[in-house]
Amino acid sequence: MKVLILVLSILILKNQTAYADMHYLAIGESRILDNSKLLDVYLSNSKVLKVKDLNTGKLLVKAASLGTAKLSIGTTDYSYQVISKPTYQRLMELKKQIKNCFGISIEVVESCPVIRGKLLKISDWQKISSLDFGKKIPNCALPYQMKASISEDIPPRDLNKLLKENQSDFLKIVLDAKRMARLLYSPQFKKVAQNLAKQLGIEIERDLNQKNESTYHFELIAVKDSELKQYGIGLPTSANYNFAEGFETGNINGKISSLYNAGKYTHLQGIRISTLDDQSSKFHSGGEVPVKLVGERNSQITWKAYGFLLEVQTTQRNWREEKIKLQVTASNLDSANSIDGIPAIQKQSYSGSFVIADEIQILFNFRNLGQTDSSQSNFGIHWIPFIKDLFSENQIRMEDHHLIMIYKPANTIIQNDLGDKNE
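Numbering of residues starts from 1 in each chain and follows the order in which that chain's sequence is written. Only residues with pLDDT of at least 70 get local features here, since the model is predicted, and only at 80 or more are side-chain atom pairs given and counted; chain-wide, interface and lining totals rely on the full set of residues. Values shown for side chains rest on all heavy atoms present in the structure; no hydrogens or waters enter the calculation.

(A) Looking closely at the pattern of salt bridges. Within this document, salt bridges are pairs made up of a side-chain nitrogen of Lys or Arg and a carboxyl oxygen of Asp or Glu, the two lying within 4 Å of each other. All told, the structure shown has 6 salt bridges when counted by the stated rule. One salt bridge in this structure joins Asp34 and Lys58, with 3.4 Å as the shortest N-O distance. Of the two residues, Asp34 is situated in strand β2 (residues 30–34) and Lys58 in strand β5 (residues 58–63); the sequence distance between them amounts to 24 residues. Relative accessibility thresholds used throughout: buried, under 20% of the residue-type maximum; exposed, over 50%; partly exposed, between the two (1.4 Å probe, protein chains only). With relative accessibility at 46%, the residue Asp34 sits in the partly exposed group. Since its relative accessible area comes to 33%, Lys58 is described here as partly exposed. Measuring nitrogen to oxygen at the nearest pair gives 3.0 Å for the salt bridge that ties Arg90 to Glu93. Of this pair, Arg90 and Glu93 both sit in helix α1 (residues 85–97), 3 residues apart, which is roughly one turn of that helix. Numbering of helices and strands runs from the N terminus; a helix is a DSSP stretch of H or I covering at least four residues, while a strand is a stretch of E covering at least two.

(B) Quick look at the state of the cysteines. When two cysteine sulfur atoms lie within 2.5 Å, the pair is treated as a disulfide. Enumeration over the complete set of coordinates arrives at 1 disulfide. In this model, Cys112 is linked to Cys140 through a disulfide, with the two sulfur atoms separated by 2.1 Å. Looking down the S-S bond of the Cys112 and Cys140 bridge, the torsion is 130 degrees, so its handedness is right-handed. On the criterion of sequence distance, the pair formed by Cys112 in strand β9 (residues 112–119) and Cys140 in the loop between α2 (122–129) and β10 (149–150) is long-range, its members being 28 residues apart. Given the relative accessible area of 23%, Cys140 is considered partly exposed.

Printed below as a string of structure tokens:
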């Protein structure tokens, strides 16, 4: 006489145990499983599933409550998820509708059907997007319906066309490291983003402007006049110190990049500045002098800076581009025009707005910056504190060099930059 011992217990399964695909049951639904060999039975959650021995080599499995459970019959393992009847009905409908979309499957997350796997064709994505996965499921509130990766075999032209049609400056669809689509958005477009994400079946990952701090890297270099000419870069023909406009030859950035990559320059100093959107950050090297402000009833001392001042402000940021405004001021003490023993400050400033790029950009040429006329020869750029020290340390004659400030992408940053300055 054979004796069947049915063991119902909670089993802590090892991580290496491999379960088959998830089996879905509607609450109250029953299934018959074969156990003709009278193997041991283990159940991880007797509240979700009820198992009954029918004494005929069969087991009756009934979905008792919402949740998941693991069932083992001998060495065969089953994963079960009990879901609501509306969810189960919609799940079965969707499986029929996407049966010809290979590479993907459907699972249930928080009562909602969700696509998993890999999209092999753009038409599959478009088909999925046309389906309302949460239809007739009262408690389905998941903001996405797809967590499938995008196949590398999909032609880039087809993929880019779909992405371009559904994004703007403040709504961007990106593929993460696993090639899963995510929608990034700016705060003012949250509702639009939610509707678009639902339409495309993808998840909103984060706020497009959540990280609103940027770090910019600049480098001061000295380039000989002869090197500029050798690379076809004409010398300035006007007092405009924006490099691209101040030099007569076109394609300045490309030519300077070639010169830079060939090492035909002297590195003077790296500067790193962090700034928040619509706020200014400053780098200052030089000194300060006291200035006495006299009022009707009292007086006070304030301090004025001189030397080299670089001010950066992020004026626009979205996924397409980032714009900054720069102002550079060079100043020095003018002892010949002092009041009560306090010297005046001669200064000259230049500013410009730039679109940050992924390549080296030439921002300013400082030849003769601050030298307003020949009588003020002691106020040339090479007399400015910090600048004067940089040339002196590198034993460079300012007379036959151009001092140039460039923007450097993160992947070309050199070490020993001056640290962040935030004011």
